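Understanding the architecture of this molecule
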Amino acid sequence: MSVQDRIRVRGTRLLSDNWYVLKTTSFDWKRRDGTWQTQAREHYDRGNGAVLLPYNLAKRTVLLVRQFRYPAFVNGYDDLLIEAAAGLLDDAEPEVRIRAEVEEELGYRLGEVRKVFEAFMSPGSVTEILHFFIAEYDAAMRIGEGGGHPEEGEDIEVLEPTIDEALAMIADGRIRDAKTIMLLQHLALSVLRQSIFR
């Protein structure tokens, strides 16, 4: 039985359409025991996104960004977040959009990029699917300073830690962004392991 066979939507109401879209929906859900239960959920639709971690095997470095995130601050995190370059798709293909984000945020024009997986980041309340990419980089690919678009409120610092430093930042709490942790761990478990055993 598919999910479509287990849900009956009763109604959806728009709560906010200020920056992104917040709705509340009431529905009947068919439980595993066959009984129907009425539930209500809010869901936030901000569109889908993409994220990319550039790495340099020869130098054993990665490119990351550091920036202010208000939701993290309001939840008690009194520091800038360290993240992989990311952005919303805005109706573009994931690879096209992430290439543009890397140029804007990091100042690099990449060669081949590789999609490694996609994931729901907060499926209990947010509809977003995030497309995860990695790509090799070198100094010849640098086309600018990066930093994002100030007119959009972006104030981005570009970082180039070693891979070991970045992994240590996860362990000591300096990196707390889930998408960045996922890509760094993927890099350590897949790319670095393969390069060691070549």
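Now for a look at the structure at hand. Computed from a predicted structure; not experimentally measured.

Turning to the environment of Tyr137, a few remarks are in order. As for its position among the elements, Tyr137 is in the loop between strand S10 (129-136) and strand S11 (157-159). Accessibility expressed as a relative area gives 3% for Tyr137, which makes it buried. For the pair Tyr137 and Ala86, spaced 51 residues apart in the sequence, the C-alpha separation amounts to 16 Å. With sequence-adjacent residues up to four places away left out, Tyr137 is seen in contact with Pro54, Tyr55, Asn56, Thr61, Val62, Leu63, Tyr108, Leu110 and Glu160. Polar contacts involving the side chain of Tyr137 include one to the side chain of Thr61, which spans 2.6 Å. Within the structure, Tyr137 has its side chain in polar contact with the side chain of Glu160 (distance 2.5 Å).

Moving on, we get to the sheet that holds strand S7 (residues 81-83). Across the sheet, 3 strands lie side by side as S7-S6-S11; this open sheet has antiparallel pairing. Both outer strands of the open sheet, S7 and S11, are each paired with one neighbouring strand and no more. When strand polarity is set aside, the average angle formed by the axes of neighbouring strands in this sheet is 30°. Of the pairings in the sheet, the one linking strand S6 (residues 64-67) to S11 comprises 3 bridges and is antiparallel in character. The residue of S11 that forms the bridge with Leu64 is Leu159.

Take the pattern of salt bridges next. Under the defined criterion, the tally for this structure stands at 15 salt bridges. Residue Lys179 pairs with Glu83 through a salt bridge whose shortest N-O separation is 2.7 Å. Of this pair, Lys179 sits in helix H4 (residues 178-196) while Glu83 sits in strand S7, and the two are 96 residues apart along the sequence. As far as the burial class goes, Lys179 and Glu83 line up, both buried. What emerges from the salt-bridge pattern is a single network uniting Arg69, Glu83, Asp177 and Lys179.

This paragraph deals with the layout of surface pockets. The calculated volume of the largest pocket comes to roughly 1400 Å³. Looking at which element gives the most residues to the lining of the largest pocket, the answer is helix H2 (residues 94-105), with 4 residues. Considered class by class, the residues forming the lining of the largest pocket number 14 nonpolar, 6 polar and 15 charged. The volume enclosed by the second largest pocket comes to roughly 180 Å³.

Throughout the structure, instances matching the rule amount to 7 aromatic pairs. Put simply, the rings of Trp19, Tyr20 and Tyr44 touch in pairs and so form one group of aromatic residues. When the ring centre of Trp36 is taken as reference, the NZ or CZ atom of Arg8 above it lies at 3.7 Å.

We now examine the nonpolar core. Counting residues in each nonpolar core, the largest one holds 23 residues, and the members touching the most others are Leu53, Val62, Leu64 and Ile175. Ignoring any residue separated from it by four or fewer positions in sequence, one finds Ile175 in contact with Leu64, Ile82, Ala166, Met169, Ile170, Thr180, Ile181 and Leu184. Membership of the second largest hydrophobic core comes to 17 residues, among which are Ala50, Leu63, Leu106 and Leu110.

Note that S6 and S7 share 3 bridges and pair antiparallel. Its bridge partner being in S7, Val65 is matched across the sheet by Glu83.

Rules behind the numbers
Residues numbered from 1 in each chain as written. Predicted model: local features only at pLDDT ≥ 70, side-chain atom pairs only at ≥ 80, totals over all residues. Heavy atoms only, no water. Helix = DSSP H or I, 4+ residues; strand = E, 2+ residues; numbered from the N terminus. Buried < 20%, exposed > 50% of the residue type's maximum accessible area, 1.4 Å probe, protein only. Contact = heavy atoms within 4.5 Å. Polar contact = N/O pair within 3.5 Å; in protein donor to acceptor, adjacent residues only side chain to side chain. Pairing = 2+ DSSP bridges. Axes fitted to C-alpha atoms, helices over the stretch in contact; angles between N-to-C directions. Salt bridge = Lys/Arg side-chain N within 4 Å of Asp/Glu carboxyl O. 1 Å grid on protein atoms, 1.4 Å probe; cavity = no way out; pocket = protein on both sides within 12 Å on 5 of 7 lines; lining within 4 Å. Points joined across faces, edges and corners; volume = space filled by probe spheres on them. Nonpolar A, V, L, I, M, F, W, Y, C, P; charged D, E, K, R; others polar. Phe/Tyr/Trp six-rings, centres within 6.5 Å; stacked < 30°, edge-to-face > 60°. Lys NZ or Arg CZ within 6 Å of the ring centre and 35° of its normal. Core = buried A, V, L, I, M, F, W, Y, C linked by side-chain atoms within 4.5 Å.

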